[in-house]
Amino acid sequence: MRAARTRHALLTVALAGCIVASVAAAAASAVPGLPAAPRPAPVTAENLPDRYAVNHRYLTEAADAARRMGDESRAEALDHLADGDRTFLEVSAEGDGQAVEVIGDLVHAQRIALLVPGSDTTVDTFDHLGSPHSSMGGGARALYGEMRALAPDSQVAVIAWYGYRAPRTKSRDTVTRTRAVEGGSLLREQLRQLRGLNPAAPTALLCHSYGSVVCAEALRGTDQQAQSGLTGVVVFGSPGTGARSASELGIRVPLWAGRGSRDWIANVPHTQLPLPSGNVGFGADPTSADFGARTLPTGDSRHGDYLQPGSLPLRNIALISLGRDAAVARG
């Protein structure tokens with residue numbers, strides 16, 4: 001009995017320590033006093049241009065407010081988001097912020113890819129998290145470019161969905177499902193709105209790191225109608241999904257899972273431990289043969305390199321997003 005308790009404690013420490021120690025927290029502290037985010041009506045094809053315009057004005061105003069408050073770092077991040085003709089479905093500069101960017105023509109796209117990020121994503125790191133392609137915005141732009149290159153005659157759109165409160169790496173939230181449960185509910189609503197905006201476009205759901213836990217929560221237990229429009233789900237650099245197998249998630253489309261040979265997340269113990277305050281860990285390894293997902297070839301990618309331009313995983317993720325599963329290559 002004592003040995004079992006000791007193993008339990010050691011696994012808990014190992015799981016939490018491995019995740020916390022593997023990545024340095026990259027996000028800035030929350031900024032109080034910034035203007036409240038817009039709360040627009042539900043998005044439709046007709047009001048989408050107005051929504052983009054309202055969010056652009058808000059970003060500009062929030063950047064000016066941050067600068068007046070002396071927070072030049074937050075001001076510069078918001079300036080980047082407001083730059084040029086970038087378009088956002090959702091934005092907020094409060095706290096860690098929120099940003100759901102659309103790249104391409106969402107209403108007329110023939111294929112849509114929705115990208116869900118992992119820990120340490122904030123408005124401050126949206127365009128640069130260690131490197132541009134490791135960030136939400138940079139990775140989404142790389143994916144859009146790859147999809148266009150592979151299918152130049154098709155209209156495509158990519159959604160960079162930082163629409164939930166992503167946990168900080170150095171926090172307890174990054175080893176529990178608390179933020180994922182909250183984010184999963186928001187992601188389900190986003191997918192529902194997409195069906196209303198463009199019901200004809202097949203959508204691929206792409207989930208990086210902790211984002212794979214969010215995607216699993218969004219899809220777990222939903223019926224076939226709720227998953228309509230999805231053509232594939234991809235999890236990469238995943239610590240687990242909270243499920244013991246792909247079948248337990250109830251996903252009715254192909255599920256792909258990949259992890260690069262240089263990804264630190266391979267060191268995370270694939271277990272789930274019940275504690276009085278809630279479960280710690282995310283269970284089975286999605287890339288294991290027993291889990292039942294299709295293999296996403298990722299080569300020697302590191303944790304932040306899956307969407308690096310010119311890389312094997314970027315090409316394969318783009319092919320899946322285009323519905324060209326048979327062309328996925330090992331490289």
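The residue numbering used here restarts from 1 in each chain and proceeds along that chain's sequence as written. Only residues with pLDDT of 70 or above have their local features reported here, since the model is predicted, and side-chain atom pairs are shown and tallied only from 80 upward, although totals for entire chains, interfaces and linings are computed over all residues. Side-chain measures were taken over the full set of non-hydrogen atoms in the model, leaving aside hydrogen atoms and water.

## So, the overall build of the chain
Inference 1: Assigned secondary structure in the chain consists of 8 helices and 8 strands.
Inference 2: Here the chain holds 331 residues, and 53% of them are scored as buried.
Inference 3: Here, residues are in contact when the closest pair of their heavy atoms is within 4.5 Å. Across the chain, the fraction of contacts at a sequence separation of at least 24, relative to all contacts at a separation of at least 6, is 73%.
Inference 4: Shrake-Rupley sampling with a 1.4 Å probe provides the accessible areas, and residues are treated as covered by the protein chains on show and by no other component. Total accessible area computed for the chain in this model is approximately 14000 Å², and 52% of it derives from carbon and sulfur atoms. Here a strand is any run of E in DSSP of at least two residues, a helix any run of H or I of at least four, and the numbering for each starts at the N terminus. Partly exposed residues are those whose accessible area sits between 20% and 50% of the maximum for their type, while under 20% is buried and over 50% is exposed, using a 1.4 Å probe and protein chains only.

## Considerations on the nonpolar core
Inference 1: The definition of a nonpolar core used throughout is a set of buried Ala, Val, Leu, Ile, Met, Phe, Trp, Tyr and Cys residues joined through side-chain atoms within 4.5 Å. In this structure, Leu106, Leu187 and Leu205 are the most contacted members of the largest nonpolar core, which totals 92 residues.
Inference 2: Here this core gets 8 residues from one element, more than from any other, and that element is helix H2 (residues 48-68).
Inference 3: Among all residues touching Leu187, those that are not within four sequence positions of it are Leu114, Val116, Trp161, Leu205, Val214, Cys215 and Ala218.

## Overview of the packing of aromatic side chains
Inference 1: Ring pairs shown here join Phe, Tyr and Trp side chains whose ring centres sit within 6.5 Å, with only the six-membered ring taken for Trp; geometry is labelled stacked below 30 degrees between planes, edge-to-face above 60, and tilted in between. According to the stated counting rule, one finds 3 aromatic pairs in the structure shown.
Inference 2: Centroid distance Phe88 to Phe126: 6.2 Å. Interplanar angle 55°. Geometry classified as tilted. Here Phe126 lies in the loop between strand S3 (111-116) and helix H4 (136-150) and Phe88 lies in strand S1 (residues 87-92), a separation of 38 residues in the sequence. Each member of the pair, Phe88 as well as Phe126, carries the same accessibility label: buried.
Inference 3: Relative to Tyr164, the ring of Trp161 lies with its centre 6.1 Å away and its plane at 10°, an arrangement referred to as stacked. Across the pair, Tyr164 and Trp161 agree in class, each one buried.

## A short note on the sheet that holds strand S8 (residues 294-295)
To summarise the sheet geometry, strands pair through backbone hydrogen bonds and adopt either a parallel or an antiparallel arrangement.
Inference 1: Strand order in the open sheet formed by 8 strands is S1-S2-S4-S3-S5-S6-S7-S8, with mixed pairing between adjacent strands. For this open sheet the edge positions go to S1 and S8, each flanked by a neighbour on one side alone.
Inference 2: A pair of strands is considered paired only if DSSP assigns at least 2 bridges between the two. When strand S5 (residues 203-208) meets strand S6 (residues 230-236), the two strands line up parallel, connected through 6 bridges. Bridge pairing in S6 places Leu205 opposite Val233.

## Observations concerning the pattern of salt bridges
Inference 1: Any carboxyl oxygen of Asp or Glu within 4 Å of a side-chain nitrogen of Lys or Arg constitutes a salt bridge here. For the structure on display, the rule yields 17 salt bridges.
Inference 2: Close ionic contact of Arg86 with Glu101 constitutes a salt bridge, the shortest N to O distance being 2.8 Å. Of this pair, Arg86 sits in the loop between helix H3 (72-81) and S1 while Glu101 is found in strand S2 (residues 98-104), placing the two residues 15 residues apart along the sequence.
Inference 3: Residue classification places Arg86 among the buried positions, given a relative accessible area of 16%.
Inference 4: In this structure, Glu189 and Arg192 form a salt bridge, with 2.6 Å as the shortest nitrogen-oxygen distance.

## Side note on the packing of H4 against helix H8 (residues 312-321)
Inference 1: Inter-axis angles, ranging from 0 to 180 degrees, are taken between N-to-C directions of lines fitted to C-alpha atoms, where helices are fitted over the stretch in contact. One way to put it is that H4 packs onto H8 with a least axis distance of 9 Å and a crossing angle of 65°. In terms of their interaxial angle, H4 and H8 are classed as roughly perpendicular. The two elements H4 and H8 cross, and the hand of that crossing is right-handed. Contact residues: H4 offers Ala142, Leu143, Glu146, Met147 and Leu150, while H8 offers Leu314, Arg315, Ile317, Ala318, Leu319 and Ser321. By definition in this entry, angles of less than 35 degrees are roughly parallel, angles greater than 145 are roughly antiparallel, angles of 65 to 115 are roughly perpendicular, and the rest are oblique. Should the near helix be turned anticlockwise from the far one by less than a right angle, the crossing is termed left-handed; should it be turned clockwise, right-handed.

## Section: the pairing of S3
Here is the key point about a regular strand: its side chains alternate between the two faces of the sheet.
Inference 1: The buried count for S3 comes to 5 of 6 residues, which makes it a mostly enclosed element.
Inference 2: Two elements, S3 and strand S4 (residues 156-162), share 5 bridges in a ladder whose sense is parallel. Of the residues in S4, the one forming a bridge with Ala113 is Val158.
Inference 3: A clockwise path from the first strand over the helix to the second, with the strands pointing away from the viewer, defines a right-handed crossover. Handedness of the crossover is the feature at issue here: the chain leaves S3, passes through H4, returns alongside S4, and the resulting connection is right-handed.
Inference 4: The pairing of S3 with S5 spans 5 bridges and is parallel. Along S5, the bridge assignment pairs Ile112 with Thr203.

## Things to note about the side chain of His303
Inference 1: With respect to the helices and strands, the residue His303 is situated in the loop between S8 and H8.
Inference 2: Among the polar contacts listed, one links the side chain of His303 to the side chain of Asp263, at a separation of 2.9 Å.
Inference 3: With residues near it in sequence (within four places) discarded, His303 still touches His208, Ser209, Gly237, Asp263, Trp264 and Ile265. Any pair of N or O atoms that falls within 3.5 Å is considered a polar contact. Within protein, one atom must be able to donate a hydrogen and the other to accept it, and sequence-neighbouring residues count only if both atoms are side-chain atoms.

## Structural notes on the confidence of the model for the chain
Inference 1: The predictor's confidence in any single residue is recorded as pLDDT, a number from 0 to 100. Counting all residues, the mean pLDDT for the chain is 88, and 88% of those residues have values of 70 or more.
Inference 2: For the stretch residues 1-30, pLDDT sits under 50, and the model shows 48 contacts to residues farther than four places along the chain or on other chains.

## Observations regarding the state of the cysteines
Inference 1: The disulfide definition used here is simple: a pair of cysteine sulfur atoms within 2.5 Å. Tallied over the full model, the rule gives 1 disulfide.
Inference 2: Here Cys207 engages in a disulfide with Cys215; their sulfurs sit 2.2 Å apart. Every disulfide takes its handedness from the sign of the S-S torsion; for Cys207 and Cys215 that torsion is -100°, giving left-handed. Comparing Cys207 with Cys215, the two get one shared label, buried.

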